[in-house]
Amino acid sequence: MTDAGNTQPAPADIRPPSQLKPIVWVQRNLFNNWFNSVLTVLALGSIYFIGRAVLEWAFFTADWRPVTHNPILYLVGQYPRDQLWRVGASLLLVSFLTGMSWGKWKGIMRSFALLLGIGLAILGIIPAGGQLGSLAVRIFFLINLPAIYLGYLLGSRKFVTGGLVLAGWLLSFSLIPFLLRGTGEGTMLPTVETSMWGGLLVTLILAVGGILLSFPLGVLLALGRRSSLPVIKLFSIGFIEGIRGVPLVTILFMSSIILALFLPPELRIDRLVRALIGMTIFSAAYTAENVRGGLQAVPAGQIEAAKAVGLNNFQTTLFIVLPQALRAVIPAIVGQFISLFKDTTLVIIVAINELLNIGKSILQSDVEFLQLQFEVFIFVAAVFWVLSYLMSFASRRLETALGVGER
Amino acid sequence: MSDPIIICRDVEKWFGDFQALKGINMEVNKGEVIVIFGPSGSGKSTFIRTINRIEVHQRGQIIVDGMELTHDVRNIAAIRSEIGMVFQLFNLFPHLSVLQNITLAPIWVRKWSKDEAEEIAQQLLERVGIPEQAYKFPGQLSGGQQQRVAIARALAMQPKIMLFDEPTSALDPEMIKEVLDVMIELAQSGMTMIVVTHEMSFARAVADRMFFFDEGLVVETGTPDDIFKNPQEDRTKLFLSQILTT
């Protein structure tokens with residue numbers, strides 16, 4: 001057949017079938033014989049009864065008082081109430097930068113900014129007891145919305161480069177710990193010991209800090225493991241295999257208690273920082289192995305081509321190998337980060353008041369709450385689920401965004 | 001004819017116990033076009049890869065533009081930036097656009113400004129006949145177009161020598177011509193080229209000398225006329241009869 005013949009419109013009977021109408025689809029797939037009809041009815045029935053039972057429990061039976069009584073505990077733990085503005089200011093900084101990233105990079109950052117905005121708006125207007133219900137705290141939340149938008153407007157401007165936004169993030173991540181911890185008594189920012197911090201604040205600090213620190217460390221270890229220099233190679237292998245052979249709980253114990261025993265008192269590192277170090281090296285070892293998988297997936301021809309155009313080893317790694325290797329292992333790395341995020345609950349064993357531990361202490365704080373474990377743990381689980389799902393959602397968006405030009 | 005830009009003396013190379021190159025001698029003058037052909041496994045690809053030290057030779061001497069290839073890193077860098085290479089499987093960087101593929105090395109190795117590099121990249125894309133593809137990614141191009149981008153990428157470093165490692169072997173037949181046309185134009189512009197290929201039409205059109213490789217040795221060498229009309233060795237005759245009839 002000639003090409004000209006192919007350009008004629010096909011007769012109706014050999015065109016691709018059109019989409020089925022919903023009712024026809026249901027008939028053909030759910031009720032096409034008596035057995036499938038019975039299954040369909042049974043399934044619908046069980047969904048109805050289970051769903052009704054869950055909703056009835058959630059809205060009528062369950063006693064949510066341990067959650068609603070003083071929700072601010074879940075957010076910041078024992079952080080002094082008169083210093084809460086410092087947490088608010090940190091949040092404001094993050095909102096502003098998220099807005100800027102939205103303006104700069106659009107795409108996935110837009111989803112993030114919108115989700116953050118929606119989340120904070122909900123926190124700002126839901127009816128809540130304790131200090132969360134106070135006007136001041138509501139304003140703290142709601143003021144983030146214009147901050148995000150302001151950041152967006154600024155980020156959309158031409159003169160704001162990607163590097164500038166990144167520098168802003170880096171700067172604020174190094175600033176926030178000082179802001180929260182303070183500069184000492186008598187100054188504008190009186191010291192708030194980290195033992196006073198708690199709740200989601202600590203969970204997020206451990207998770208975000210752990211991710212941001214373990215990622216570069218993991219990449220370096222993965223590269224080190226493939227290095228041709230024996231010292232670096234042996235060190236990397238020893239580090240990775242040593243850490244991976246030990247449970248996280250053990251590492252947390254070691255970094256928190258044993259380290260403190262051996263170091264002289266004047267070198268005492270803050271307890272939260274010790275936990276963060278433990279999480280970081282643990283996660284770095286796993287990240288390193290994920291990244292190594294990606295490094296091995298980069299074809300040798302890519303490295304040859306990079307060398308042939310004259311790039312040196314460092315440039316080849318930075319511009320050619322790593323971008324391809326990391327893209328290939330985004331799902332694995334995000335999986336690692338999600339599990340790091342959930343593993344933050346383990347710092348409970350070194351008595352740090354992260355989200356789950358706060359839930360536990362609230363249960364014990366009031367005789368009336370003692371029997372309400374189910375409600376509290378469901379609530380904490382829901383918070384973890386939402387945040388973990390966000391990460392997994394981000395990972396999928398990132399994969400699609402970076403999929404351009406895939407072979 | 002006494003201005004050799006590449007001198008190879010008794011180049012030997014082993015992969016483990018297997019000797020891939022058993023003492024190759026070759027001198028290439030400025031502006032010459034050399035075609036290397038031979039059965040697979042004969043060491044022809046290995047040989048041209050030793051010239052920019054993607055493979056390391058273990059014995060013998062390779063001197064490119066007056067610089068000997070040794071373990072001295074500075075020499076290797078200098079030589080690599082004078083030699084462009086085109087691969088059988090293109091080896092474009094899939095995560096970079098066509099324009100970024102071409103400008104990466106000029107910007108980071110030659111230290112040109114981005115604008116300057118992009119302007120030259122556009123000119124090169126024009127030269128290889130695909131100026132409209134600059135902002136696409138390699139995965140969106142046909143094989144022939146990818147190979148032409150690869151040629152432009154190599155030329156962007158303004159090399160004195162171009163190496164081609166079976167540049168058309170992975171292409172559909174209808175795309176071979178578009179790549180060969182670019183290579184012929186390049187040869188006629190006076191570029192020094194070493195081409196590993198079985199495209200005898202290309203050899204006839206522009207090759208100055210041909211080298212027949214077998215089992216790690218140069219079996220026969222001569223002008224295209226010598227090789228095609230009057231091959232001396234039985235091995236050459238047999239090989240030519242096989243590839244010219246198919």
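## Some remarks on the overall build of chain B
Scanning chain B for helices and strands turns up 9 helices and 10 strands. Since a compact globule built from 246 residues should have a radius of gyration of about 18 Å, the 18 Å found for chain B is in line with a globular shape. Each principal axis of the C-alpha atoms in chain B carries an extent, and together these give about 55 × 45 × 35 Å. In chain B, 65% of the contacts between residues at least 6 apart in sequence involve partners at least 24 apart. Put simply, chain B shows about 10600 Å² of open surface, and 48% of that area lies on carbon and sulfur atoms. Within chain B, one finds 24 positive and 33 negative side-chain charges whose respective centroids are separated by 4 Å.

## Some points on the layout of surface pockets
By volume, the second largest pocket amounts to about 1000 Å³. Lining of the second largest pocket is provided by 27 residues; of these, A:Ser228, A:Ile303, A:Lys307, A:Asn312 and A:Asn313 occupy positions nearest its centre. Elements that contribute at least two residues to the lining of the second largest pocket include exactly α11 (199–225), α15 (300–308) and α16 (313–328) of chain A together with α2 (73–80) of chain B.

## Section: the confidence of the model for chain A
Averaged over every residue, the pLDDT of chain A is 87; the share at 70 or more is 94%. Note that residues 1–5 of chain A has pLDDT below 50 and, in this model, 1 contact with residues that lie over four places away or in other chains.

## Here's the deal with a nonpolar patch on the surface
Together, A:Phe253, A:Met254, A:Ile257, A:Ile258, A:Leu261, A:Phe262 and A:Ile349 make up an exposed nonpolar region whose accessible area comes to about 700 Å². When you line up the elements, A:Phe262 lands in helix α13 (residues 248–262).

## So, the interface of chain B and chain A
Taken together, the 20 residues of chain B in the interface contact 20 residues of chain A. Of the roughly 1900 Å² buried where chain B meets chain A, counting both sides, 66% is carbon and sulfur surface. The tally of links between chain B and chain A comes to 1 salt bridge. In this structure, A:Glu304 engages B:Arg49 in a salt bridge whose closest nitrogen and oxygen atoms are separated by 2.7 Å. Counting the contacts that link chain B with chain A gives 6 residue pairs in polar contact (both at pLDDT 80 or more). Sorting elements by how many residues they give to the side of chain B that touches chain A places helix α3 (residues 98–108) of chain B first, with 3 residues.

## Considering the nonpolar core
The biggest cluster of nonpolar side chains holds 52 residues, and the ones touching the most others in it are B:Ile151, B:Met162, B:Met193 and B:Phe202. Looking at this core, the element that brings in the most residues is helix α6 (residues 173–188) of chain B, giving 9 residues. Leave out the neighbours within four places in its chain, and B:Met162 touches B:Gly84, B:Val86, B:Ile151, B:Ala154, B:Leu155, B:Leu186, B:Met191, B:Thr192, B:Met193 and B:Ile194. Core analysis: the second largest hydrophobic core is formed by 45 residues, A:Phe141, A:Val219, A:Ala288 and A:Ile333 among them.

## Considering α6(B)
Residue and element names in this part refer to chain B. Between the first and last C-alpha of α6 there are 23 Å, a value that for 16 residues agrees with the 22 Å anticipated at 1.5 Å per step. Residues of α6 that are buried: Met175, Ile176, Val179, Leu180, Val182, Met183, Ile184, Leu186 and Ala187. Elements that come into contact with the buried residues of α6 comprise β3 (33–37), α4 (114–127), α5 (143–155), β7 (161–165), β8 (192–196) and α7 (200–206). Gly190 lies just past α6 and shows a positive phi near 100°.

## A few points about the packing of aromatic side chains
If you walk through the whole model with that rule in mind, you get 19 aromatic pairs over all chains. Centroid distance A:Tyr79 to A:Trp197: 6.3 Å. Interplanar angle 55°. Geometry classified as tilted. In this pair, A:Tyr79 is assigned in the loop between α5 (72–76) and α6 (84–105) and A:Trp197 in the loop between α10 (162–181) and α11, connecting sequence segments 118 residues apart. Residue A:Tyr79 shares its accessibility class with A:Trp197, and that shared class is buried. An aromatic cluster of at least three residues, connected via ring pairs, comprises A:Trp57, A:Trp64 and A:Phe374. For A:Arg244, the ring lying beneath its charged end belongs to A:Tyr286, and the centroid distance is 5.8 Å. Here B:Arg153 stacks its cationic end above the ring of B:Phe93, 4.5 Å away from the centre of that ring.

Definitions and limits used
- Residues numbered from 1 in each chain as written.
- Chains lettered and ligands numbered in written order.
- Predicted model: local features only at pLDDT ≥ 70, side-chain atom pairs only at ≥ 80, totals over all residues.
- Heavy atoms only, no water.
- Helix = DSSP H or I, 4+ residues; strand = E, 2+ residues; numbered from the N terminus.
- Rg over C-alpha atoms; globule rule 2.2 N^0.38 Å.
- Contact = heavy atoms within 4.5 Å.
- Areas by Shrake-Rupley, 256 points an atom, 1.4 Å probe, with all protein chains shown as cover.
- Lys, Arg positive; Asp, Glu negative; His and termini not counted.
- Charge placed at Lys NZ, Arg CZ, Asp CG, Glu CD.
- 1 Å grid on protein atoms, 1.4 Å probe; cavity = no way out; pocket = protein on both sides within 12 Å on 5 of 7 lines; lining within 4 Å.
- Points joined across faces, edges and corners; volume = space filled by probe spheres on them.
- pLDDT = per-residue confidence, 0-100.
- Patch = residues over 30% accessible without salt bridge, like charges linked within 9 Å, V, L, I, M, F, W, Y side chains within 5 Å.
- Salt bridge = Lys/Arg side-chain N within 4 Å of Asp/Glu carboxyl O.
- Buried area = accessible area lost by both parts, 1.4 Å probe.
- Polar contact = N/O pair within 3.5 Å; in protein donor to acceptor, adjacent residues only side chain to side chain.
- Core = buried A, V, L, I, M, F, W, Y, C linked by side-chain atoms within 4.5 Å.
- Buried < 20%, exposed > 50% of the residue type's maximum accessible area, 1.4 Å probe, protein only.
- Expected span 1.5 Å × (residues − 1).
- Phe/Tyr/Trp six-rings, centres within 6.5 Å; stacked < 30°, edge-to-face > 60°.
- Lys NZ or Arg CZ within 6 Å of the ring centre and 35° of its normal.

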